[in-house]
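Analysis of the macromolecular model
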Amino acid sequence: MNEVPLFSSFKIKSKSFRNRIVLSPMCQYKAKDGVISDWHFQHYSRFAFSGLGAAFVEATGVSPDGRIGHGCTGIWSDSHVEGLSKVAKIFNEYNCLSGIQLAHAGRKASYLRPWDGASPITENDKVEPAWQTIGPSAIPINNSSPVPKEMTVEDINKVREDFKKAAQRADKAGFDIIEIHGAHGYLLHSFFSPLSNQRNDLYGGNFENRIRFAMEIIADIKSVWPDNKPLFYRLSSIDAPGQGANLEDNIMLAKSLKSVGVDVIDCSSGGITGSPVLTKSKIIPGFQVPYSEKIKKDAEISSMAVGAIISADQANEIISNKRADLVAMGRELLADTQWVYKAATYFNLENAKDYLPDSYSFYLSRRDEYLDRAAKPA
Ligand SMILES: Cc1cc2nc3c(=O)[nH]c(=O)nc-3n(C[C@H](O)[C@H](O)[C@H](O)COP(=O)(O)O)c2cc1C
């Protein structure tokens, strides 16, 4: 029996997380036509060996126009399944549940990679040509971004079908968990937020109408996604201080998502007015944890906290005090892929070396002795 809550197991449906630590989805912008590359195998292998409870593959486009940019991974064709299934297998081989985030970037599509400027693609850029973006209303993110096409009901139905087929392919590829990307200003979030959705049909206006698209997509996914596999939903807990959808709106959204079978709410924030981090002027450790805590408590649903979760004590406090059921980490794991092993060592867990692959743990089991000797010279 493990007494450190961060290292306790957690079960959803038929899937057991060996601990509460999860790799957050992180775009790599290294795919071609949505097909993952050698980079992805190398990158995701590093996390498969990391002792995590689960790891998510980055935002993966359900259609070519649903990619943020030309380097995004995709799942709109059967030809994407083979590469993705290798990644799912790598995770599973090392006792790490495999997740994939299904996404449509909506009006935030057709962008250059962050390190190329993160601005809308223009004809001067030597990448794929820019493509038409779509959204609930013809409202751009800001004055320098393209005006999205207001989606017709046919367009909405097409995206629903794309999510459904993507879920079928995710299952075929062997993933244990799907996360629907409903945050950061991308398509589903843009339907939910009154800042970007000014429709006056069944998909705009009141709360029920603004969540209709997401609820339909969940029903479509659930019709093909096995009942024993978990479904996560990432939402933006607040749009921006004093603007758009607030935390209470998102608690209502979480309750609705729960009622249609979403298992875990992944509590991020922001993005509808630009970069996801603009909800706060400064990122401080655990800045989004209060959202997870409140959504978990008020919507009575499992939650995942994310955002500047840095230290082992901080992560353990979140789980111990039931402020979340899982903690997702991004940049700290990029910085240190052995974060889990180090945290297990820090908590003096007898099985700390189980969080390493065999070929490492055998040798590291002899390391303690010489580290001790080095610390106490004869
Ligand atoms: C390189 C990078 C790529 C990201 N890509 C995604 C993504 O594909 N989907 C998503 O929902 N969030 C994405 N995010 C946000 C992270 O999942 C996470 O929510 C955010 O970085 C905060 O967690 P952290 O402070 O532990 O990094 C990305 C963040 C980074 C740093």
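The preceding data block contains the structure.
This text gives an overview of the structure that appears in the document. (Residues numbered from 1 in each chain as written. Predicted model: local features only at pLDDT ≥ 70, side-chain atom pairs only at ≥ 80, totals over all residues. Heavy atoms only, no water.)

We now examine helix α5 (residues 207-222). The terminal C-alpha atoms of α5 lie 22 Å apart, and with 16 residues this matches the ideal 22 Å at 1.5 Å per residue to within 8%. At F213, α5 is deflected by roughly 40 degrees, the largest bend along its length. The buried count for α5 comes to 12 of 16 residues, which makes it a mostly enclosed element. Residues of α5 that are buried: F207, N209, R210, I211, F213, A214, M215, E216, I217, I218, D220 and I221. Buried-residue contacts for α5 involve α3 (153-172), β8 (177-182), α4 (187-192), β9 (231-236) and α6 (247-259). (Helix = DSSP H or I, 4+ residues; strand = E, 2+ residues; numbered from the N terminus. Expected span 1.5 Å × (residues − 1). Bend = angle between axes of the 7 residues up to and from the residue. Buried < 20%, exposed > 50% of the residue type's maximum accessible area, 1.4 Å probe, protein only. Contact = heavy atoms within 4.5 Å.)

This paragraph deals with the packing of α6 against helix α7 (residues 289-299). Packing of α6 against α7 leaves a shortest axis separation of 9 Å and a crossing angle of 50 degrees. Compared by their axis directions, α6 and α7 come out oblique. For the element pair α6 and α7, the recorded crossing hand is right-handed. Every residue of α7 that contacts α6 at L247, E248, I251, A254, K255 and K258 is listed here: Y291, K294, I295, D298 and A299. Split by residue class, the contact of α6 with α7 holds six nonpolar, no polar and five charged. (Axes fitted to C-alpha atoms, helices over the stretch in contact; angles between N-to-C directions. Parallel < 35°, antiparallel > 145°, perpendicular 65-115°, else oblique. Left-handed = near helix turned anticlockwise from the far one by under 90°. Nonpolar A, V, L, I, M, F, W, Y, C, P; charged D, E, K, R; others polar.)

What follows deals with the pairing of β8. In terms of residue burial, β8 counts as a mostly covered element, since six of its six residues are buried. Burial along β8 is two-sided: the face carrying I177, E179 and H181 and the face carrying I178, I180 and G182 are both buried. Here strand β5 (residues 97-103) runs beside β8; their pairing, made up of four bridges, is parallel. What sits directly across from L102, in β8, is I180. With five bridges connecting them, β8 and β9 associate as parallel partners. Paired with I178 across the strands is L231, a residue of β9. (Pairing = 2+ DSSP bridges.)

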